[in-house]
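The primary structure of each chain is shown beneath.
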Amino acid sequence: MSNEVINEADRLAIQDAIREAEELTSGEIRVHIDKKCAGDPLKRAIQVFKKLKMYATKERNGVLIYLSFTDRKLAILGDEGIDKKVGAHFWDGTKNQLIEDFKRNQFTQGIINAVKESGSRLKEYFPCEADDIDELSNEITLD
Ligand code: CA
Ligand code: CA
């Protein structure tokens with residue numbers, strides 16, 4: 001846990017937003033923050049997705065919101081269950097908004113908004129069911 005990138009209160013606020021978003025949908029949302037990203041953020045997001053075993057959901061509906069703090073790169077990566085139901089540009093609006101928030105230094109609030117929006121948009125395709133379990137941890141990971 002590095003306090004340079006995100007403090008404890010912000011970390012908890014984001015995790016709360018993930019928990020609340022997952023009350024709407026069976027989709028599983030995770031947030032990963034790197035201090036920096038040397039290359040393509042999408043490639044790095046794919047690597048993180050695998051490392052966190054985010055494909056281990058019944059409906060293959062995990063979503064990773066990936067950010068690198070110092071160079072302000074980001075990617076939103078959904079698993080194949082989501083890709084099958086929605087177009088390739090499904091995440092573009094959420095991503096662009098997050099880029100704007102990031103530019104205005106609305107780092108934590110931007111992430112929270114993106115998490116909330118992901119939840120409400122996934123709800124349409126993957127509604128939450130009564131027996132829902134938390135398939136992927138809501139903890140933010142940092143590198
Ligand atoms: Ca769940
Ligand atoms: Ca979860």
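A brief look at the structure comes next. Everything numeric in this text was worked out from a predicted model, so none of it was measured.

What follows deals with helix H1 (residues 8-21). In a regular helix each residue adds 1.5 Å, so 14 residues correspond to 20 Å; H1 covers 20 Å between its end C-alpha atoms and thus fits that length. All of the buried residues in H1 are Arg 11, Ile 14, Gln 15, Ala 17, Ile 18 and Ala 21. The arc that holds the buried residues of H1, viewed along the axis, is 155°, so those residues lie on one side. The inward-facing, buried residues of H1 contact strand S1 (28-34) and helix H5 (107-123). Two or three places before Ala 9, at the opening of H1, Asn 7 has a side-chain oxygen 3.2 Å from that residue's backbone nitrogen.

Attention shifts here to unusual backbone geometry. The phi dihedral of Lys 53 falls on the positive side, at around 55°, and the residue is not glycine. In this structure, Arg 72 takes a positive phi of about 55° despite not being glycine. The residue Arg 72 is located in the loop between strand S2 (62-68) and strand S3 (73-78) in this model.

Turning next to the coordination of the calcium ion (ligand 1). Expected angles at a metal are 109.5 degrees for tetrahedral coordination by four donors and either 90 or 180 degrees for octahedral coordination by six donors. Coordination sphere of the calcium ion (ligand 1), protein contribution only: Glu 28 (OE), Asp 132 (OD), Asp 132 (OD) and Ile 133 (O), at 2.1 to 2.9 Å. Written as a sequence motif, the donor residues of the calcium ion (ligand 1) are E-x103-D-I. The exposure class of Glu 28 is buried, given its relative accessible area of 0%.

Moving on, we come to the layout of surface pockets. By rolling a water-sized probe across the atoms, one finds the places where empty space is left. Empty space within the largest pocket amounts to approximately 240 Å³. For the largest pocket, the lining is made up of 15 residues, of which Leu 42, Ile 76, Leu 77, Ala 88 and Trp 91 are closest to its centre. Sorting the residues of the lining of the largest pocket by element identifies helix H2 (41-51), S3 and helix H4 (92-103) as the ones contributing at least two each. Ranked by residues supplied to the lining of the largest pocket, first place goes to S3 with five residues. Classifying every residue of the lining of the largest pocket by side-chain character gives ten nonpolar, two polar and three charged. Taken together, Ser 26, Lys 58, Glu 59, Asn 61, Glu 129, Asp 131, Asp 132, Ile 133 and Glu 135 form the lining of the second largest pocket. The residue makeup of the lining of the second largest pocket, split by class, is one nonpolar, two polar and six charged.

Attention now moves to the packing of H1 against H5. Remark: H1 packs on H5, axes separated minimally by 8 Å, with the N-to-C direction vectors making an angle of 10°. Taken as axis vectors, H1 and H5 run roughly parallel relative to one another. Touching Asp 10, Ala 13, Ile 14, Ala 17, Ile 18 and Ala 21 of H1 are Thr 108, Ile 111, Ile 112, Val 115 and Gly 119, all from H5. Of the residues belonging to the contact of H1 with H5, the class tally is eight nonpolar, two polar and one charged.

With that settled, the discussion passes to the packing of aromatic side chains. According to the stated counting rule, one finds four aromatic pairs in the structure shown. Here Phe 90 and Trp 91 contribute two aromatic rings whose centre-to-centre distance is 4.7 Å and whose plane-to-plane angle is 80°, an arrangement assigned as edge-to-face. You'll find Phe 90 and Trp 91 in the same group, each marked buried. Between Phe 102 and Phe 107, the ring centres sit 5.0 Å apart and the planes meet at 35°, which makes this aromatic pair tilted. The exposure class of Phe 102 is buried, given its relative accessible area of 5%. Following the ring pairs from residue to residue traces out a cluster consisting of Phe 69, Phe 102 and Phe 107. Its end group placed over the ring of Phe 126, Lys 85 keeps NZ or CZ at 4.7 Å from the ring centre. Just above the ring of Phe 90 sits the side chain of Arg 121; from NZ or CZ to the centre is 3.9 Å.

Here is what the cut-offs are and how they apply
- Residues numbered from 1 in each chain as written.
- Chains lettered and ligands numbered in written order.
- Predicted model: local features only at pLDDT ≥ 70, side-chain atom pairs only at ≥ 80, totals over all residues.
- Heavy atoms only, no water.
- Helix = DSSP H or I, 4+ residues; strand = E, 2+ residues; numbered from the N terminus.
- Expected span 1.5 Å × (residues − 1).
- Buried < 20%, exposed > 50% of the residue type's maximum accessible area, 1.4 Å probe, protein only.
- Arc of directions from axis to C-beta.
- Contact = heavy atoms within 4.5 Å.
- Polar contact = N/O pair within 3.5 Å; in protein donor to acceptor, adjacent residues only side chain to side chain.
- Donors = N, O, S within 2.8 Å, 3.2 Å for Na, K, Ca; no water.
- 1 Å grid on protein atoms, 1.4 Å probe; cavity = no way out; pocket = protein on both sides within 12 Å on 5 of 7 lines; lining within 4 Å.
- Points joined across faces, edges and corners; volume = space filled by probe spheres on them.
- Nonpolar A, V, L, I, M, F, W, Y, C, P; charged D, E, K, R; others polar.
- Axes fitted to C-alpha atoms, helices over the stretch in contact; angles between N-to-C directions.
- Parallel < 35°, antiparallel > 145°, perpendicular 65-115°, else oblique.
- Phe/Tyr/Trp six-rings, centres within 6.5 Å; stacked < 30°, edge-to-face > 60°.
- Lys NZ or Arg CZ within 6 Å of the ring centre and 35° of its normal.

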